[in-house]
Amino acid sequence: MERAYCFLGCLLLAAGGPLDAAKRFHDVLGNERTSAHMREHNQLNGWSSDENDWNERLYPVWKRGDPRWKKSWRGGQVKAVLTSDSPALVGSNITFVVNLVFPRCQKEDTDGSIVYEKNCTDGAGPSADPYVYNWTEWAEDADWGNGSSQSYGVFPDGRPFPHHHRRHRHHHGGTKCGFVYVFHTLGQYYQKLGRSSASISINTTNVTLGPQVMEVAVYRRDGRDGRTYAPVAEAKDVYLVTDQILVFVNMSQKNDRNTSDETFLRDIPILFNVLIHDPSHFLSGSVISYRWNFGDNTGLYISNHRTLNHTYVFNGTFSVNLTVQAAVPGPCPSPTPRPPKPTPSLSPAGDGLPELRAAPDQDCQVDRYGHFRAILTIVEGVLEASIVDVTEVLPPLPPPEDPLVDFLVTCEGTMPTEVCTVVSDPSCQLAQNTVCSPVGTAGGAACLLTVRRALSGPGTFCVNLTLGDNASLALASTLVSVRGRRPGSPARMAGGALAAAGCLAAFVAAIALLVHKKHKEYKPIDNSAGVPGRGLNVFLEHAKVKFFPGSREKDPLLKSQPGFLKASA
């Protein structure tokens, strides 16, 4: 009987059935085992089955929580960050990037070795050795260029490192990839060498629709012979493969105060700009059509351009619907019976299924669809603002150091609820002061305002006035030139007291810049006659200020003829 057991044990050993079975890739990288059918259906080009054996002697496997992780890297622990450009349209490529984050005061140098940063303190004090890991020195010690295949490293499945890696290191002064990256998804793995960052791309033609998981294990060289490796980090990321085109739409409009609230103005065109998520340019050779329904009974708009303007002429709430269709060329599948095609519908549900159409050259086109929907609120707002008059205000005695100027402003649309003024240098680029104030109802129903503003002494100023309400903004601007007062005038004779008043005005201006809200008097326009003023030449130009490029104004800056304007009490 004992001889029978001995004979049976010999048969098991001869059949390759040791008591401790070798680990396979799915034991190391995957939590769930993928069936052979699923692996074959999701076959990735250049990837291998995770049923292959993993060389645990060269690449040890540590479970999460193993105390050896804390000693796997000098000076701390390395973190791997795995990202992708998911979601991906089926048939396109998806790219994964993994970046290693080293402990404080460590970085990768130009040769690929890991060094300590200069003038950086990590609490352990300066190190006598500038290197954390000197891959180049280790490569030289291992005699990597002696021509023996046994001198080169191997991947976890036993395959040798690629030959181009050896040539690259030999001809570039010892530049070394000190890390091995093992990616795993869909029951398959891919191995590659890299430095502190590595990337891979996969084609999703054979990938099952829905969310999938990509995992990566990172190993570093663990010894000068270059033949053993130690784990340093692991990471995973969820990616999505879909048959729907991912569509985003940016909506913008002149005078619109806040584009993110989906509230826009009546009688002003809205620019719709369609953005398609296609990082691998899979759709670059496709014919793409855009089908719009703006919900205002204007009909259906079909365009081949990704931008479109539309103007709403009524107030209210409207539903915008966009369907994007892309014809993707591809090989024809095997002929199979299929049910008759349903009647086309404008609803998104009728566009969701891909269609195969035979082209004249016997190729097929697969139709893919994407959808976008938004609810817009259309309101009446401040449509346009104009500065029609600028007048010096004759102050009471003693006069202030800073001249007061009245700006007569008209607008179209609704009455604004707020007026802001920004005083800048003559180039309209460097803002000096900003003051905002609510607008009362004293001006009546007509949009006609007088804005009183103090200018900081003589000089030329760019004055920008913004009229707005909760939904809209309208801009008008002008250049104002103020000459200094004549010698002997009360302003100059006041001396130190007026200087103090000027400092107070500067302080108030600084506070206004910080809080961006400073109440100031805005009086309704009256019909009083003007009184000739002193020391003020005003050159009025309707303008578009450079730092408000989205405004609407009738006249561009410095195009109108300058005029000498009156002064009033």
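Criteria and cut-off values
Residues numbered from 1 in each chain as written. Predicted model: local features only at pLDDT ≥ 70, side-chain atom pairs only at ≥ 80, totals over all residues. Heavy atoms only, no water. UniProt positions renumbered as here; feature names shortened; annotations may be inferred. Pairing = 2+ DSSP bridges. Helix = DSSP H or I, 4+ residues; strand = E, 2+ residues; numbered from the N terminus. Axes fitted to C-alpha atoms, helices over the stretch in contact; angles between N-to-C directions. Buried < 20%, exposed > 50% of the residue type's maximum accessible area, 1.4 Å probe, protein only. Core = buried A, V, L, I, M, F, W, Y, C linked by side-chain atoms within 4.5 Å. Salt bridge = Lys/Arg side-chain N within 4 Å of Asp/Glu carboxyl O. Disulfide = S-S within 2.5 Å. Phe/Tyr/Trp six-rings, centres within 6.5 Å; stacked < 30°, edge-to-face > 60°.

An unreviewed UniProt entry annotates the protein chain as PKD domain-containing protein of Pipistrellus nathusii. Under Sequence similarities (unreviewed entry), UniProt gives the following word-for-word description of the protein chain: "Belongs to the PMEL/NMB family."

This part takes up the sheet that holds strand β5 (residues 106-108). Either a parallel or an antiparallel arrangement is found when strands of a sheet pair, and the pairing is made through backbone hydrogen bonds. Taking strand neighbours across the sheet as the criterion, the 3 strands line up as β5-β6-β7 in an open arrangement whose pairing is antiparallel. Strands at the two margins of the open sheet, each flanked by one partner only, are β5 and β7 (131-133). Each strand of the sheet is rotated relative to its neighbour by a mean of 35 degrees, with strand direction disregarded. The pairing of strand β6 (residues 114-116) with β7 spans 2 bridges and is classified as antiparallel. Bridge pairing in β7 places Val115 opposite Tyr131.

We now examine the pairing of strand β24 (residues 418-424). Counting buried positions along β24 gives 7 out of 7 residues, so the element sits mostly inside the fold. Bridge count for β24 against strand β25 (residues 431-438) is 7 bridges, and the pairing is antiparallel. The residue of β25 that forms the bridge with Val422 is Thr434. Here β24 pairs with strand β27 (residues 459-468) via 7 bridges, running antiparallel. Paired with Ser424 across the two strands is Cys462, which belongs to β27.

What follows covers the nonpolar core. Within soluble globular proteins, side chains that are nonpolar generally end up buried alongside one another. If you look at the biggest cluster of nonpolar residues, it comprises 33 residues, and the most contacted ones within it are Trp73, Phe179, Tyr181 and Phe183. Going through the elements one at a time, β2 (79-84), β4 (93-101), β7, β8 (179-185), β10 (197-203), β11 (210-221) and β12 (229-242) are the ones with two or more residues in this core. Per-element tally for this core: the top contributor is β12, with 5 residues. Counting residues in each nonpolar core, the second largest holds 26 residues, with Ile270, Phe318, Val328 and Leu376 among its members.

Before going further, it helps to spend a moment on the pattern of salt bridges. Evaluated as defined, the whole model comprises 12 salt bridges. A salt bridge links Asp66 to Arg68; its shortest N-O distance comes to 2.9 Å. As a salt-bridge pair, Arg452 and Asp406 come within 2.9 Å of each other at their nearest N and O atoms. With Arg452 in strand β26 (residues 448-454) and Asp406 in strand β23 (residues 404-413), this pair connects stretches of sequence that are 46 residues apart. Accessibility expressed as a relative area gives 6% for Asp406, which makes it buried. Among the ionic contacts, a cluster of salt bridges with common partners joins Arg24, Glu51 and Asp53.

With that settled, consider the environment of Arg452. Here Arg452 falls in the buried class, since its relative accessible area comes to 17%. Through-space distance from the C-alpha of Arg452 to that of Val405 is 5.6 Å; in sequence the pair is 47 residues apart.

The subject of this paragraph is the state of the cysteines. Such a bond, covalent and formed between the sulfur atoms of two cysteines, is termed a disulfide. Scanning all chains against the criterion turns up 4 disulfides. Across a sulfur-sulfur distance of 1.3 Å, Cys411 and Cys447 are joined as a disulfide pair. Sign of the S-S torsion, about 85 degrees for the bond between Cys411 and Cys447, identifies this disulfide as right-handed. In this pair, Cys411 sits in strand β23 while Cys447 sits in the loop between β25 and β26, placing the two residues 36 residues apart along the sequence. Taking the relative accessible area as the measure of exposure, Cys447 reaches 10% and is therefore buried. A sulfur-sulfur distance of 2.1 Å marks the disulfide that ties Cys428 to Cys462. Residues Cys428 and Cys462 are joined by a disulfide whose S-S torsion is about 100 degrees; by sign, that bridge is right-handed. Here Cys462 lies in strand β27 and Cys428 lies in the loop between β24 and β25, a separation of 34 residues in the sequence.

This next bit is on the packing of aromatic side chains. In total, this model carries 21 aromatic pairs according to the counting rule given. A ring pair is formed by Tyr312 and Phe318, whose centres lie 4.8 Å apart and whose planes are at 35 degrees; its orientation type is tilted. Take Tyr312 and Phe318: they sit in the same class, and that class is buried. Taken together, the ring pairs connect Phe25, Trp54, Tyr59, Phe155, Phe161, Tyr189, Tyr219 and Tyr229 into an aromatic cluster.

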